Amino acid sequence: MKLDNIRIVLVHTSHPGNIGGVARAMKNMGIGKLYLVAPRQYPDEQANWRAASAGDVLDRAVVTQTLEEAIADCQFVVGTSARGRRIPWPLLDPRECAQRMGVASGHGEVAVIFGREDRGLTNDELKLCNLHLNIPTDDAYSSLNLAMAVQIVCYELRMLMVSSELPADEHQQWDTPFSSSENMERFYVHLEETLVDIEFLDPAAPRQLMSRLRRLYSRVRLDEMELNILRGILTQTRKWVAKARKP
Ligand code: SAH
């Protein structure tokens, strides 16, 4: 387990004070990598003030314009959400999630994504994830303050690290690295184009087909070799479709 391979990603945060609070929550637990996707107001004095002695986490924070950039090189991505979504995704509590992230951090980069203070993460953002994390709360009020949600997740990661109770790693002897988020996104574009080409997917009525396929592949977790094989099949399929369509 490598805490250094785990990054916290904040999407469109409105209040700079929360960004500072997150930096502090992270540093207390020994997690140093912070990514800020298009923060509304940053840098800002309030962020520094709330960060207290975690100013170094803010200094090193990476600001990106899109979520895709912030997680491009990650092989395992967790999205956090205070409520259920239309298409159910594998959903775990912070303790269970920490175990999956802890194991994955031994192989490559891991991201945990946190949403906007007012609206959380969109369905499209949650679809970029391998699994979803929900912090159990009272039904009457399920939405935690952003920095407090980050604190709970980082605390569980720390507890796991000091407990030396990491679950067995079924991929310990794997021969190929798992695909990065960036390569998976390229694959989904390729897959969608091919499905439209063979008239399996109707762009006028796509329904939830691509979401379901995303969920399937993110559950399996493809390695780079498997991904290349699938892309080869797609390329060949499109070639034959083009041939068949020629008058
Ligand atoms: N109203 C929003 C909540 C936003 S709270 C919604 O319904 O989604 C801001 C962020 O804090 C969320 O996007 C999530 O990243 C995190 N968060 C807050 N409460 C949470 C909970 N109970 N479980 C998991 N994440 C939570």
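Up top you'll find the structure we're talking about.
Treat the numbers as computed from the prediction; the structure is a model and nothing was measured.

Re the pairing of strand 2 (residues 33-37)
Thinking step 1. Most of strand 2 is tucked away, with four of its five residues classed as buried.
Thinking step 2. Here five bridges tie strand 1 (residues 6-11) to strand 2, and the two strands are oriented parallel to one another. Of the residues in strand 2, the one forming a bridge with isoleucine 8 is leucine 34.
Thinking step 3. With helix 1 (residues 16-29) bridging strand 1 and its parallel neighbour strand 2, the resulting β-α-β unit is right-handed.
Thinking step 4. Judged from the three bridges that link them, strand 2 and strand 3 (residues 62-64) form a sheet pairing that is parallel. If you follow leucine 36 over to strand 3, its bridge partner there is valine 63.

Things to note about the pattern of salt bridges
Oppositely charged side chains can form a pair if their charged atoms are brought close together.
Thinking step 1. Overall, the coordinates contain 14 salt bridges when judged by the stated rule.
Thinking step 2. Arginine 7 is the partner of glutamate 109 in a salt bridge, and the nearest nitrogen-oxygen pair spans 3.1 Å. Linking glutamate 109 in the loop between helix 5 (94-104) and strand 6 (110-114) with arginine 7 in strand 1, this pair joins segments that are 102 residues apart in sequence.
Thinking step 3. For arginine 7, a relative accessible area of 1% translates into the label buried.
Thinking step 4. With its nearest N and O atoms 3.0 Å apart, the salt bridge here joins lysine 27 to aspartate 56. Of this pair, lysine 27 sits in helix 1 while aspartate 56 is found in helix 3 (residues 55-60), placing the two residues 29 residues apart along the sequence.
Thinking step 5. Owing to a relative accessible area of 37%, lysine 27 belongs among the partly exposed residues under this scheme.
Thinking step 6. Overall, aspartate 56 belongs to the partly exposed group, its relative accessible area being 28%.

What to know about helix 9 (residues 209-220)
Thinking step 1. For helix 9, which comprises twelve residues, the first-to-last C-alpha distance of 17 Å matches the rise-based estimate of 16 Å (1.5 Å per residue) to within 8%.
Thinking step 2. Here helix 9 has its buried residues at Met210, Ser211, Leu213, Arg214, Arg215, Tyr217 and Ser218.
Thinking step 3. Of the surrounding elements, those touching the buried residues of helix 9 are helix 8 (181-197) and helix 10 (224-245).
Thinking step 4. The first or second residue beyond helix 9 is arginine 221, which carries a positive phi of 65°.

Observations regarding the side chain of glutamate 125
Thinking step 1. Looking at the element boundaries, glutamate 125 is found in helix 6 (residues 123-126).
Thinking step 2. Only 2.9 Å separates the side chain of glutamate 125 from the backbone nitrogen of threonine 122, close enough to count as a polar contact.
Thinking step 3. Once you skip the residues sitting within four places of it in the chain, glutamate 125 turns out to touch Val11, Leu67 and Arg116.

A closer look at the site of the ligand
Thinking step 1. With respect to spatial proximity, 21 residues lie near the ligand, and among them Thr80, Arg83, Ile135, Ser142 and Leu144 are the closest.
Thinking step 2. Between the ligand and aspartate 118, the relevant distance is 3.4 Å, taken from a nitrogen atom to a main-chain nitrogen or oxygen of the residue.
Thinking step 3. Contacts to the ligand include isoleucine 135, whose backbone N or O atom sits 2.8 Å from a nitrogen atom.
Thinking step 4. Bound to the protein, the ligand loses 94% of the 540 Å² it would expose on its own.
Thinking step 5. Assessed atom by atom at 2 Å from the grid points, the ligand resides in the largest pocket.
Thinking step 6. Tallied by class, the residues present in the shell around the ligand amount to seven nonpolar, eight polar and six charged.

Describing helix 10
Thinking step 1. Taking 1.5 Å as the rise per residue, helix 10 with 22 residues should run 32 Å; its terminal C-alpha atoms sit 32 Å apart, in good agreement.
Thinking step 2. Looking only at helix 10, the buried set comprises Leu227, Leu234 and Val241. The buried residues of helix 10 occupy an angular sector of 50° when projected down its axis, which confines them to one face. Residues of helix 10 that are exposed and angled more than 90 degrees away from the buried face: Asn228, Trp240 and Ala244.
Thinking step 3. Buried residues belonging to helix 10 abut helix 8.
Thinking step 4. At the N-terminal end of helix 10, a side-chain oxygen is found 3.0 Å from the backbone nitrogen of methionine 225, two or three residues along, and the residue is aspartate 223.

The rules behind these values
Residues numbered from 1 in each chain as written. Predicted model: local features only at pLDDT ≥ 70, side-chain atom pairs only at ≥ 80, totals over all residues. Heavy atoms only, no water. Buried < 20%, exposed > 50% of the residue type's maximum accessible area, 1.4 Å probe, protein only. Helix = DSSP H or I, 4+ residues; strand = E, 2+ residues; numbered from the N terminus. Pairing = 2+ DSSP bridges. Right-handed = clockwise from strand over helix to strand, strands pointing away. Salt bridge = Lys/Arg side-chain N within 4 Å of Asp/Glu carboxyl O. Expected span 1.5 Å × (residues − 1). Contact = heavy atoms within 4.5 Å. Polar contact = N/O pair within 3.5 Å; in protein donor to acceptor, adjacent residues only side chain to side chain. Near = heavy atom within 4 Å. Areas by Shrake-Rupley, 256 points an atom, 1.4 Å probe, with all protein chains shown as cover. 1 Å grid on protein atoms, 1.4 Å probe; cavity = no way out; pocket = protein on both sides within 12 Å on 5 of 7 lines; lining within 4 Å. Sits in = over half its atoms within 2 Å of the grid points. Nonpolar A, V, L, I, M, F, W, Y, C, P; charged D, E, K, R; others polar. Arc of directions from axis to C-beta.

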